[in-house]
Amino acid sequence: MDPIRNPYAPGAGQRPPELAGRDAELAQFDVTLERVAAGRPGRSMVLSGLRGVGKTVLLNALRGQAVRRAWGTGKIEARPEHSLRLPLAQAVHAALRELGHRHRDPDRVEQVMGVLKAFALRTDHVDRRGRAWTPPVDVAAAKGRADSGDLELDLVELFTDVASLAGDLGVGISVFIDEMQDVAPDELGALCGACHEISQQGAPLVVVGAGLPHLPVALAASRSYAERLFRYVRVDRLPREMAERAWTFPAEQEGASYEAKALDQLYELTDGYPYFVQAYGKATWDVAVGSPIRWADVVQAAPEAEAELAVGFFGARFDRATPAERDYMSAMADLGEPTGDLAVSTSDVAAHLDRKPQSLSPARDGLIKKGLVFSAERGTVAFTVPHFGRFLRNQR
């Protein structure tokens, strides 16, 4: 098969040619946008799931829907130990630029930009030369608005003003936050508080976050009402029908098809995880000599796909771990049969390594900070990457 026409797209956040299995989420978000723009109640959204299930792809698709409805949009990626204030200011700035040129009152746009600048100037970010960061907004900073230094209060005032500006145009503002689990707990609470206040006002502003499986727990821990504040969507592996659609529809656009046995083998190898679906689809296409793509083509391509995953998907994460952290993950892999994906008890990990649980806390905490494992329930840990345990066992 012609590799130039290969329709599959394994990549970090790269949208596949067929976004299979996410129709319900896309349809529901359309309803939310319509309701919020019309002044009706609508909850913000949180996507959660393992690495490689397509959270970022879905987040980008949702943003695309907001753009098509002429909403102002901005997106950020949260980072550990980085304040949320500056990235949020940049995201809101992007949203205001999308709306500003359509607004009939330039003075009002300038006023809101001044509030944004005041909000941004409260950041303590400095550049490599040690100079304070200055926002790229060519207006005077407002005084006494969104500049108190209290993130929650400032966010409420900023969100209120930008949402009001969007409301003048009959649309809204949507802010998209990837890797949301990396937001510091106090700032996560401030964001929840601001969203809570904005929702009570009925202001046309929506926040959509995406993160690892423990993100809903982190949100609930930051504010008790967070369980009711957001609509939670678990992004998971694709059921068989949707995985087949992700393989067959792009192939049909290129005049190719699959034998049923080939699809059986592909699903068995990928378990429906979207990143694996694309990786094995790409490798199989490159190996196949013609259409229909056969079971033998899948079998021949599997080692190549596995090698690619071992380097780029699994290996890059494994290399970040210290020797002690690798020992910890190996114990998790031994205990979490058959793929190593199951949550395991931290006390069982300690017993497996013949160590005291307290002595393993630094390794566990390091793995959590690096995003390699998560703890959804007290006393348990699980991998953030599907089939990571199987990869670890194969390395021995």
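As shown above, the structure is provided for reference.
Residues numbered from 1 in each chain as written. Predicted model: local features only at pLDDT ≥ 70, side-chain atom pairs only at ≥ 80, totals over all residues. Heavy atoms only, no water.

Chemist: Describe a negative patch on the surface, naming the residues involved and giving the relevant values.
Modeler: On the surface, a cluster of negative charge is contributed by D105, D107, E110 and D138. Assignment of secondary structure puts D107 in helix 4 (residues 106-120). With a relative accessible area of 61%, D107 lands in the exposed category. (Patch = residues over 30% accessible without salt bridge, like charges linked within 9 Å, V, L, I, M, F, W, Y side chains within 5 Å. Areas by Shrake-Rupley, 256 points an atom, 1.4 Å probe, with all protein chains shown as cover. Salt bridge = Lys/Arg side-chain N within 4 Å of Asp/Glu carboxyl O. Lys, Arg positive; Asp, Glu negative; His and termini not counted. Charge placed at Lys NZ, Arg CZ, Asp CG, Glu CD. Helix = DSSP H or I, 4+ residues; strand = E, 2+ residues; numbered from the N terminus. Buried < 20%, exposed > 50% of the residue type's maximum accessible area, 1.4 Å probe, protein only.)

Chemist: Go over the pattern of salt bridges, please, and point to the residues and values.
Modeler: Within the structure shown, the criterion is met by 19 salt bridges. Residue E18 is joined to R245 by a salt bridge in which the shortest nitrogen-to-oxygen separation is 2.6 Å. Taken together, the residues E18 in the segment before helix 1 (23-37) and R245 in helix 9 (residues 240-253) connect sequence positions 227 residues apart. The salt bridge partner of R245 is D23, with a shortest N-O separation of 3.2 Å. Here R245, found in helix 9, pairs with D23, found in helix 1; they are 222 residues apart in sequence, far enough to count as distant. Look at the salt bridges and you will find they share partners, linking E18, D23 and R245 into a network.

Chemist: Got a sec to walk through the packing of aromatic side chains? Specific residues and values, please.
Modeler: We describe a pair of aromatic rings using the distance from one ring centre to the other and the angle between the two ring planes. Within the structure shown, the criterion is met by 13 aromatic pairs. Each ring, one from Y273 and one from F276, has its centre 5.8 Å from the other, and the planes form 70°; the classification is edge-to-face. When sorted by exposure, Y273 lands in the same class as F276, which is buried. Lying over the aromatic face of F119, R85 brings its terminal NZ or CZ to 4.6 Å of the ring centre. Looking at K261, its charged tip hangs above the ring of W295, at a distance of 4.6 Å from the centre. (Phe/Tyr/Trp six-rings, centres within 6.5 Å; stacked < 30°, edge-to-face > 60°. Lys NZ or Arg CZ within 6 Å of the ring centre and 35° of its normal.)

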